[in-house]
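Below, each chain spelled out in residue letters.
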Amino acid sequence: MALTFQVEEKEGYLHVIASGENRPENIFDYLMKVRDACARHKCPVALIEENLKGPSLDLKRIFEIVSLSSEHAERDVKRIAYVDVNPEHEFIKNEFGVNVAVGLGIDVRIFHTVEEARQWLLAQAASSAPPKPEQPHST
């Protein structure tokens, strides 16, 4: 099954949907496409909705993919909310991948639903927004 990749520009982030077969090369490919989309749209924040068919990868493969893709991403990708919608995948293995990425300096969190991920991204954007200038008081 070929990899399909969709990007939708939202307010403050890119919503990316990756579908296909759960193979290491597909995962690396879509992560590089996320990086490229962030650079092209000048938006360093992404919500990744992954729906790759097949069993979870082993921890060694996950570590290799995350390590390699993190080397390429740090300039263009600053924050990722990640959701794996395939119930066949082991959440603990996804958590491992997220922990590796965090250890390599990528601000990424894992969520069970797209809505939870979206809410986190919106909350992060609100908390990092510059303060509004105070209005002068008239006397």
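Residues numbered from 1 in each chain as written. Predicted model: local features only at pLDDT ≥ 70, side-chain atom pairs only at ≥ 80, totals over all residues. Heavy atoms only, no water.

**Q** What exactly am I supposed to notice about the state of the cysteines here?
**A** Working definition: the covalent bond between the sulfur atoms of two cysteines is a disulfide. Inspection of the entire model under this criterion finds zero disulfides. Between C38, a free cysteine, and C43, which holds the nearest cysteine sulfur, the sulfur-to-sulfur gap is 6.0 Å. (Disulfide = S-S within 2.5 Å.)

**Q** Looking at this structure, how should I read the environment of E21?
**A** Mapped onto the elements of the fold, E21 is located in strand 2 (residues 13-21). Expressed as a C-alpha distance, the spacing of E21 and V34, which sit 13 residues apart in the sequence, is 17 Å. (Helix = DSSP H or I, 4+ residues; strand = E, 2+ residues; numbered from the N terminus.)

**Q** I tried to follow the side chain of D76 on my own but got confused; where do I start?
**A** With respect to the helices and strands, D76 occurs in the loop between helix 2 (59-73) and strand 4 (79-84). For D76, a relative accessible area of 15% corresponds to the buried category. (Buried < 20%, exposed > 50% of the residue type's maximum accessible area, 1.4 Å probe, protein only.)

**Q** What is the right way to look at the packing of helix 2 against helix 3 (residues 91-103) in this model?
**A** Any two packed helices are characterised by how steeply their axes cross, that is the angle between the axes, and by the distance between the axes. Running from N to C, helix 2 and helix 3 cross one another at 35°; their axes reach a closest spacing of 9 Å. Two packed elements cross with a definite hand, and for helix 2 against helix 3 that hand is right-handed. Together, L59, I62, F63, V66, S67 and S70 of helix 2 and K93, F96, G97, V100 and A101 of helix 3 make up the contact between the two elements. Among the residues making up the contact of helix 2 with helix 3, the classes are represented as seven nonpolar, three polar and one charged. (Axes fitted to C-alpha atoms, helices over the stretch in contact; angles between N-to-C directions. Left-handed = near helix turned anticlockwise from the far one by under 90°. Contact = heavy atoms within 4.5 Å. Nonpolar A, V, L, I, M, F, W, Y, C, P; charged D, E, K, R; others polar.)

**Q** Just checking my understanding: could you explain the packing of helix 1 (residues 24-41) against helix 2 for this structure?
**A** Running from amino to carboxyl end, helix 1 crosses helix 2 at an angle of 20°, the nearest separation of the two axes being 10 Å. With respect to helix 2, the element helix 1 is oriented roughly parallel. Note that helix 1 runs across helix 2; the crossing there is right-handed. Between helix 1 and helix 2, the contacting residues are P24, I27, F28, L31, M32 and R35 on the first element and R61, I65, L68, S69, H72 and A73 on the second. (Parallel < 35°, antiparallel > 145°, perpendicular 65-115°, else oblique.)

**Q** I would appreciate a short explanation of the pairing of strand 1 (residues 4-10) in the present structure.
**A** Within a regular strand, side chains alternate between the sheet's two faces. Pairing geometry for strand 1 and strand 2, over seven bridges, is antiparallel. Paired with E8 across the bridge in strand 2 is H15. Between strand 1 and strand 2, which pair antiparallel one after the other, the connecting turn spans two residues, and G12 there sits at a positive phi close to 90°. (Pairing = 2+ DSSP bridges.)

**Q** Just to check I follow, could you spell out the packing of aromatic side chains for this structure?
**A** Two descriptors summarise a pair of aromatic rings, namely the distance from one centre to the other and the angle between the planes of the rings. Evaluation of the coordinates by the stated rule reveals one aromatic pair. Relative to W120, the ring of F111 lies with its centre 5.6 Å away and its plane at 40°, an arrangement referred to as tilted. Under the relative-accessibility criterion, W120 is labelled buried at 15%. (Phe/Tyr/Trp six-rings, centres within 6.5 Å; stacked < 30°, edge-to-face > 60°.)

**Q** Got a minute to help me understand the environment of N86 in this structure?
**A** With respect to the secondary-structure elements, N86 resides in the loop between strand 4 and helix 3. Its relative accessible area of 7% is what places N86 among the buried residues. There is a polar contact of 2.7 Å between the side chain of N86 and the backbone oxygen of L52. Of note is the side chain of N86, whose polar atom sits 2.8 Å from the backbone nitrogen of E88. (Polar contact = N/O pair within 3.5 Å; in protein donor to acceptor, adjacent residues only side chain to side chain.)

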